[in-house]
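Reading the structure
These are the residues of each chain, in order.
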Amino acid sequence: MRLDTRRAGFSLEAPFYTDPNLFNLDMQAIFGQHWVFACSVAEIPEPGDYVTLDYGPYSLIVLHNDDGGVNVLHNVCRHRGARVLTDPQGTTGNLVCGYHSWTYSPEGDLIHASAPGEMTFDKSCYALKRAHGKIAAGLVFICLAEEPPTDFHETAKIFEPYIGPHELGKTKVAYQQNIVEEGNWKLVMENNRECYHCDGHPELACSLFPTWGLTDETIPPHLEDVWERNQQAQASLEYRCRRYGLPYEVVEELDTRVGGIRISRESLDGAGESFSADGRRLSKKLLGDLPDFRLGRCSMHLQPNSWFHLLGDHVITFGAYPINAHQTLVRTTWLVADDAVEGVDYDLETLTHTWKQTNLQDKAFVELCQQGAASPFYEQGPYMKSEYQVEAFINWYVTRMREHIG
């Protein structure tokens, strides 16, 4: 264990990306203790709607309950441990295990065990085990800890004013993509925390300024014109946000709070509306009570496993779910207004094109790093100034691990 001797400003030592024992510790200390992004309310819009979520050794059921909240249940039957629900999503009344038909209420209470006359036992002792669930601004989070971190309440108060106007409760899923990346979950998150590599994203670079994360002092000569265009677009965006009463300021507490967050509203290139080749809208339906399509993107990062882009015409959520030390599921979900009609208000292929391509490019970058981390000749490398958010993510991770180990 080399947490105490970690070299600040440098990547982690190789075992943090490759060692199964350290992966197990990650699952206990990070994914077993902190609030994890699960889905949006658009994925479970009605009571009885559910998604199942798997990461590391855990399997959870996230179910929309009758009170408008979520029940989070461990997807482990109390009879023989079988998965109770096996579909990734669906709608259910009671939850019936397919193995021996043990039946649970949506609250997880055991209400039927098919063993007629064989034995009697106290059903109340065999309810599905529960975890914590929380909905904030239309985003669903879960926590497996007995006592969840309390400062997430403060984190939610930061992002709710930014996300609220997009009204995720009035959206629907247009498309969902699941990619298994052959890389440790921390490499997935590190890759997302910087744009040093954005020259490798030609489709995204049509609308996303590749100067993200740079400053006057760090702009390379070949991006000076782009930097100037970005500055002008950002000034125009901030003027509109002030006129509409929308927050846009950068709030960055990636490693200074347990519920680490970065959020801001940032301009896009071209028409400034969406992730298209010319920056124009990809859906004709404006979200929520937004006053204008030309609102750039509201960008949010949450530790440990999620990031989001909220635009005037659609929303994209990203969740990273570790499978093992060298594989991670990355789930991307495109949301549009619930009354938007495919083929009329949006073309699905055009809507998803930029991020489908970008995700595949990121997958390749992550897998290159994983291959390097497995080499006997791998050594820790220094982060550039533009990669300061990667350093913040790693610092957050190391701090949480130290707290867990004590």
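Above this text you will find the structure in question.
Below is a short write-up of the structure. (Residues numbered from 1 in each chain as written. Predicted model: local features only at pLDDT ≥ 70, side-chain atom pairs only at ≥ 80, totals over all residues. Heavy atoms only, no water.)

1. A short note on the side chain of S40
- Looking at the element boundaries, S40 is found in strand β1 (residues 36-40).
- Residue classification places S40 among the buried positions, given a relative accessible area of 0%.
- Residues in contact with S40, not counting those within four places in the same chain, are G138, L139, V140 and L335. (Helix = DSSP H or I, 4+ residues; strand = E, 2+ residues; numbered from the N terminus. Buried < 20%, exposed > 50% of the residue type's maximum accessible area, 1.4 Å probe, protein only. Contact = heavy atoms within 4.5 Å.)

2. Quick look at the pattern of salt bridges
- This structure, assessed with the given rule, holds 18 salt bridges.
- Measuring nitrogen to oxygen at the nearest pair gives 3.8 Å for the salt bridge that ties D339 to K285. With D339 in the loop between β17 (327-337) and α6 (348-373) and K285 in the loop between β13 (261-266) and β14 (297-302), this residue pair connects regions lying 54 residues apart in the sequence.
- With relative accessibility at 28%, the residue K285 sits in the partly exposed group.
- Across the salt bridge formed by E367 and K363, the nearest N and O atoms sit 2.8 Å from each other. Taken together, the residues span about one helical turn, with E367 and K363 both in helix α6 at a distance of 4 residues.
- Note on E367: relative accessible area 16%, which makes it buried. (Salt bridge = Lys/Arg side-chain N within 4 Å of Asp/Glu carboxyl O.)

3. Focus on empty space enclosed by the protein
- Across all of its chains, the model carries 4 cavities of 30 Å³ or more by this definition.
- The calculated volume of the largest cavity comes to roughly 290 Å³.
- As for the largest cavity, its lining consists of 24 residues, of which N191, N192, E194, W355 and D362 are closest to the centre.
- Within the residue set of the lining of the largest cavity, elements represented by two or more residues are α4 (185-192), β14, β15 (306-310) and α6.
- When residues in the lining of the largest cavity are grouped by element, the largest group, 5 residues, is from α6. (1 Å grid on protein atoms, 1.4 Å probe; cavity = no way out; pocket = protein on both sides within 12 Å on 5 of 7 lines; lining within 4 Å. Points joined across faces, edges and corners; volume = space filled by probe spheres on them.)

4. Concerning the sheet that holds strand β9 (residues 130-136)
- The sheet built from 7 strands is open, its strands ordered β1-β10-β9-β4-β3-β2-β5 with antiparallel pairing. The open sheet has two edge strands with one neighbour each: β1 and β5 (89-91). Strand-to-strand twist of the sheet, defined as the mean angle between neighbouring strand axes without regard to direction, takes the value 25°.
- Pairing geometry for β9 and strand β10 (residues 139-143), over 5 bridges, is antiparallel. When the sheet's bridge partners are listed, I135 is paired in β10 with V140.
- On top of the sheet, helix α3 (residues 152-163) reaches β9 and β10; it is set at about 35° to β9, its chief contact. (Pairing = 2+ DSSP bridges. Axes fitted to C-alpha atoms, helices over the stretch in contact; angles between N-to-C directions.)

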